[in-house]
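Chain by chain, the residues run as shown.
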Amino acid sequence: MTPILQATGLVKTYGPTTALAGIDLSVSAGESLAIMGASGSGKTTLLHVLAGIITPDAGHVMLRTPTGALDVATQSDAERSRLRRESFGFVFQEGLLLPELTAVENVALALMLTDTPRAAAEERARRWLGTLGLAGLEDRRIGQLSGGQAQRVAIARAQVTGAPVVFADEPTGALDSRTSADVMSALLDATTGQGRTLVVVTHDNTVAARCSRIIRVQDGRVSGEWAAPARSTSPVGGAR
Ligand SMILES: Nc1ncnc2c1ncn2[C@@H]1O[C@H](COP(=O)(O)OP(=O)(O)O)[C@@H](O)[C@H]1O
Ligand SMILES: [Mg+2]
């Protein structure tokens, strides 16, 4: 399949620390890719370079778009901001939701940043929250939700713009194993289940096993790659 993202020769150093030591990586449209590796191995740096949050010292990240391919790594700051708003969705470990806003406001905000009027944004946000099992909780503030519910709000926010690629960094890292399995199901349904692409950093073998492919990063390099065993869409996954 044609890659939606194709990274070549990614290098990133922080002073004496080499976070990425030359990474080549291809991500197919519609796949779910898990990035595993020890703490400090470069996973978050890789995700941030792929997503245009930081620029690498060397290398390219070609993104396929309906209007042609572009190199995320060499776009201007303004252009990378636009890509992050329109082409990419993000789910982080702690959600990074705005605690003083309600669930629906947090999700709608992502759309309003792409110039969708508030009423339309909130309507779409409500629909996604319902799809993610949060019907009835839309008007609660984030602090009034459980960790798993808050992560579902974060997933809704990452979906609502229709971004073709979703990046998740340890999205289940703060959850117990049962909630983690449920949130992973929601994340897969909302991404690959809709023909979107998911790139997820995780420490959790159970989470990784539910993706279609796993790579291991070690010392800023890709040290291994596996096609995941039989794909499971059941909430508990196939590899407990
Ligand atoms: N902003 C930064 N400044 C300095 N060093 C950093 C920064 N971000 C990451 N690093 C270093 O780069 C290496 C890779 O970090 P990171 O990508 O966060 O790893 P992981 O997500 O696998 O734990 C680590 O040694 C980390 O300390
Ligand atoms: Mg990390």
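See the structure above.
These figures come from a predicted structure and were not determined experimentally.

The next thing to look at is the sheet that holds strand 6 (residues 88-92). With respect to topology, 6 strands assemble into an open sheet ordered 6-7-8-3-9-10, the strand pairing being mixed. The open sheet is flanked by strand 6 and strand 10 (221-227), the only strands paired with a single partner. Shown here is a sheet whose adjacent strand axes are inclined to one another by a mean of 20°, direction ignored. Bridge count between strand 3 (residues 32-36) and strand 8 (residues 197-201): 4 bridges; the pairing is parallel. The partner of Ile35 across the bridge, within strand 8, is Val201. Each of strand 3, strand 6, strand 7 (165-169), strand 8 and strand 9 (213-218) is contacted by helix 1 (residues 43-50), which is oriented at about 160° to strand 7, the strand it contacts most.

This part covers the site of ligand 1. If you check the shell around ligand 1, you find Tyr14, Thr17, Ala19, Ala38, Ser39, Gly40, Ser41, Gly42, Lys43, Thr44 and Thr45 and nothing else. Separating an oxygen atom of ligand 1 from a backbone N or O atom of Gly42 is a distance of 3.0 Å. Here ligand 1, which alone exposes 560 Å², has 58% of that area covered by the protein. For the shell around ligand 1, the secondary-structure elements that each account for two or more residues are strand 2 (17-28) and helix 1.

A few words on the packing of aromatic side chains. Applying the stated criterion to the full structure yields 3 aromatic pairs. Summarising the aromatic geometry, the rings of Phe90 and Phe92 are spaced 5.9 Å apart at their centres and angled 0° between planes, so their arrangement reads as stacked. The exposure classification of Phe90 matches that of Phe92, with both residues buried. The interplanar angle of 20° and the centroid separation of 5.9 Å between the aromatic rings of Phe90 and Phe167 together place this pair among those described as stacked. Linking Phe90 in strand 6 with Phe167 in strand 7, this pair joins segments that are 77 residues apart in sequence. The residues Phe90 and Phe167 share a single accessibility class, namely buried. What links up through ring pairs into an aromatic cluster is the set Phe88, Phe90, Phe92 and Phe167.

Moving on, we get to helix 4 (residues 118-131). Over its 14 residues, helix 4 extends 20 Å from the first C-alpha to the last, a length consistent with the 20 Å expected when each residue adds 1.5 Å. Where helix 4 is concerned, the buried positions are Ala121, Glu122, Ala125, Trp128 and Leu129. When helix 4 is viewed along its axis, its buried side chains cluster within an angular range of 125° and face the same direction. Seen from the buried face of helix 4, the exposed residues on the opposite side, beyond 90 degrees, are Ala119, Glu123, Arg127 and Thr131.

As a packed pair, helix 3 (residues 103-112) and helix 4 sit with axes 8 Å apart at the nearest point and diverge in direction by 125°. On the basis of their axis angle, the class for helix 3 and helix 4 is oblique. Along this stretch, helix 3 crosses helix 4, giving a crossing that reads as right-handed. In this structure, helix 3 uses Ala103, Val104, Glu105, Val107, Ala108, Leu111 and Met112 to contact helix 4, whose residues at the interface are Arg118, Ala121, Glu122, Arg124, Ala125, Arg126 and Leu129. Of the residues that constitute the contact of helix 3 with helix 4, the class distribution is 9 nonpolar, no polar and 5 charged.

The next point concerns the pairing of strand 3. For strand 3, the buried fraction is high: 5 of the 5 residues fall into the buried class. Going residue by residue along strand 3, you find Ser32, Ala34 and Met36 tucked away on one face and Leu33 and Ile35 tucked away on the opposite face as well. Bridge count between strand 3 and strand 9: 4 bridges; the pairing is parallel. Among the inter-strand pairings, Ile35 is bridged to a residue of strand 9, identified as Ile215.

Thresholds applied
- Residues numbered from 1 in each chain as written.
- Chains lettered and ligands numbered in written order.
- Predicted model: local features only at pLDDT ≥ 70, side-chain atom pairs only at ≥ 80, totals over all residues.
- Heavy atoms only, no water.
- Pairing = 2+ DSSP bridges.
- Helix = DSSP H or I, 4+ residues; strand = E, 2+ residues; numbered from the N terminus.
- Axes fitted to C-alpha atoms, helices over the stretch in contact; angles between N-to-C directions.
- Contact = heavy atoms within 4.5 Å.
- Near = heavy atom within 4 Å.
- Polar contact = N/O pair within 3.5 Å; in protein donor to acceptor, adjacent residues only side chain to side chain.
- Areas by Shrake-Rupley, 256 points an atom, 1.4 Å probe, with all protein chains shown as cover.
- Phe/Tyr/Trp six-rings, centres within 6.5 Å; stacked < 30°, edge-to-face > 60°.
- Buried < 20%, exposed > 50% of the residue type's maximum accessible area, 1.4 Å probe, protein only.
- Expected span 1.5 Å × (residues − 1).
- Arc of directions from axis to C-beta.
- Parallel < 35°, antiparallel > 145°, perpendicular 65-115°, else oblique.
- Left-handed = near helix turned anticlockwise from the far one by under 90°.
- Nonpolar A, V, L, I, M, F, W, Y, C, P; charged D, E, K, R; others polar.

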